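# Report on the structure
Given next are the chains, with one letter for each unit.
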Amino acid sequence: MPSPTREDGAAGSAQAEVGAAPAESRGGDGRGLVCALEMELTNRSLSSKMDCVSCDELINRNCADSPEVSVPLSALGKRVTHMEGDDLCRLIDRKFLIEDKKRLCALALGTALVGILLMIIHAEICPYVYEPGSKVSLVINCSISLSTGCLLILIIAFHYKDIRLFIIDHKEVDWRIAITSHRVLVITLELLVCVIHPVGSYWEVNLYANSSSAAPLCISSHHDKALLDMELLLSMLMFLRLYLVHRAILLHSKVLLSASYRSIGSLNNINFTFRFVLKVLMNKHPARTLLVFILLFWLTASWMLTLCERRSESLTTGQMDTALWLIAITFLTVGYGDVAPKTSCGKGVCLFTGVMGVACTAMLVAIVTEKLALNKGEKHVHFFMMDIQISKRIRHAAANVLRECWLLHRASPAKGSRDEHRRHQRCLLEAIRVFRHLRLKQRKLRDYVSEMVDLPKMQMIMCDLSANWNNSYRELEQRILFMEQKLDELTRCFQQTSELLFEVLRHRNPEIR
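Here is a short report on the structure shown in this document. (Residues numbered from 1 in each chain as written. Predicted model: local features only at pLDDT ≥ 70, side-chain atom pairs only at ≥ 80, totals over all residues. Heavy atoms only, no water.)

Before going further, it helps to spend a moment on the overall build of the protein. For the protein, the helix and strand inventory stands at 19 helices and 2 strands. When burial is assessed residue by residue, the protein has 31% of its 513 residues classed as buried. Within the protein, counting contacts between residues at least 6 apart in sequence, those at least 24 apart form 69% of the total. Roughly 34300 Å² of accessible area belongs to the protein as shown, and the carbon and sulfur atoms make up 63% of that amount. (Helix = DSSP H or I, 4+ residues; strand = E, 2+ residues; numbered from the N terminus. Buried < 20%, exposed > 50% of the residue type's maximum accessible area, 1.4 Å probe, protein only. Contact = heavy atoms within 4.5 Å. Areas by Shrake-Rupley, 256 points an atom, 1.4 Å probe, with all protein chains shown as cover.)

Positive phi, close to 55°, is recorded for T333, a residue that is not glycine. Inspection of the secondary structure assignment puts T333 in the loop between α15 (320-331) and α16 (344-372).

Positionally, S147 belongs in helix α6 (residues 135-169). Of the residues examined, S147 reaches a relative accessible area of 8% and is grouped as buried. At 2.7 Å, the side chain of S147 forms a polar contact with the backbone oxygen of I144. (Polar contact = N/O pair within 3.5 Å; in protein donor to acceptor, adjacent residues only side chain to side chain.)

Ranked by size, the top nonpolar core spans 27 residues in total, and within it M119, M236, W303, L305 and V349 carry the most contacts. Taken together, the elements giving at least two residues each to this core come down to α5 (82-125), α6, α9 (225-237), α14 (286-309), α15 and α16. Among the elements that take part in this core, α14 stands out by supplying 7 residues, more than any other. Per-domain counts for this core show at least three residues from each of domain 1 (86-205 + 233-252) and domain 2 (285-373). Sequence-distant contacts of V349, that is, excluding residues within four places in its chain, are made with M236, A301, M304, L305, C308 and I327. Formed by 14 residues, the second largest nonpolar core is a distinct cluster that contains C105, A112, L154 and C194. (Core = buried A, V, L, I, M, F, W, Y, C linked by side-chain atoms within 4.5 Å. Domains from an automatic or database assignment.)

Space inside the largest pocket adds up to approximately 1300 Å³. Lining the largest pocket are 37 residues, with L242, V245, F293, L296 and F297 positioned closest to its centre. Those elements that place two or more of their residues in the lining of the largest pocket are α5, α9, α10 (244-251), α13 (274-284), α14 and α16. In terms of residue count, α14 provides more of the lining of the largest pocket than any other element does, 12 residues in total. Lining the lining of the largest pocket are residues from two domains, each supplying at least three of them: domain 1 (86-205 + 233-252) and domain 2 (285-373). Size it by volume and the second largest pocket reaches roughly 1100 Å³. K101, D162, L165, L250 and L251 are, among the 31 residues lining the second largest pocket, the residues nearest its centre. By residue class, the composition of the lining of the second largest pocket is 12 nonpolar, 8 polar and 11 charged. (1 Å grid on protein atoms, 1.4 Å probe; cavity = no way out; pocket = protein on both sides within 12 Å on 5 of 7 lines; lining within 4 Å. Points joined across faces, edges and corners; volume = space filled by probe spheres on them. Nonpolar A, V, L, I, M, F, W, Y, C, P; charged D, E, K, R; others polar.)

Applying the stated rule across the entire model yields 1 disulfide. C308 shares a disulfide with C345; S-S distance 2.0 Å. Within this pair, whereas C308 is found in helix α14, its partner C345 is found in helix α16, the two being separated by 37 residues in sequence. For C345, a relative accessible area of 23% gives the class partly exposed. (Disulfide = S-S within 2.5 Å.)

Encoded structure:
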């Protein structure tokens, strides 16, 4: 649709001035406000953007001064009320807020990943920083704290936009209504999860005497073991920030952005949550989604295991290649027993890996089963051919029964030996058993095929039958009406004939009255 030109805008303004003549008699301020609002709406249609705050102010002022004045929506002469103008501003605000939420969620996820990456770098280079209070360690710790602060700000801004969106969806309700106990709990938990990061203690590093150690820990002479465990726990808990992935997938999914999905979903009372989006992804791209999840989980769990096992005196479980092998065999629930975790933290990581491995194996089995299953067309073809084959076998079995009956009749005990008679009896019983077995198999197959008839097909058949009955009823009604018309014509003809006969008889015999 082309944007209105300057001449069209002038024509629309002229029409508005003609329509606003009664308001002009009430006062000159109303006309000025109408013209200002027309210019604002024209600029919005030209640039496709509008400042809704100024729009609300203009509408409120216009409602206060001249409430009966209506303004044109475009230069085509269409007019809208002030309530429709408020709805338009609310829709534009809602669109901008959704875009802001998507942008803030993407920034928050990126900031969280940067913080996790800095934490991994800090944990890896810590054993090789020899001087306490090193500038490298200081810079990395400050960067982690800075990313954590930025992440908290982004989380607060995201929930602020969410509250504003709630206010707009519920027609400018008080913001205190949006602050429910559930929302406060969610915001508090998110802030607590995002604020977790290593506190940045600077270790006095001593290397192990054995140079073959894979990744020696930072060992402090004045910090106790509890503080070291706390640093390890805080480093591992930073991976909880990955909960932002599901929010990013939800806000950037095509399911949520599609107007068709939202319209049909609202008619069917479908909530567009991450669970629904995950089901759609697993239905459209099951292998790709599961493969990406397994790879990311494998690498993450392996690094966490190496971080836990560096505290032990074992020289194998603290290496990355050994951790990858241990996580893989634990995930697949094999457990050869050649490698085992030594620390409680490592045992916990392996336990969680085993649980996730069982869940992923169940999903993999379901996906493979679905891929190997026949569709409706293939099932119909397969069962049709099976029915034909079983019918042939039934005919052959019936023929064998008749043949054995004839042979048994010919080999009666009076005409031949009893051994032959018993042999034909056994053959007859076997033929009857085969015939009954094939009949039972055919009955089960047809019962299963009858259960495959889907409801839409039955509904279409019933609709066709109903349409045929309606057509037959209409034809019957038309025939009855046609017969009534013929009967009316015959009645009129009889009346006319009787009148003519009466006139003829009266003309011939005047005495007849």
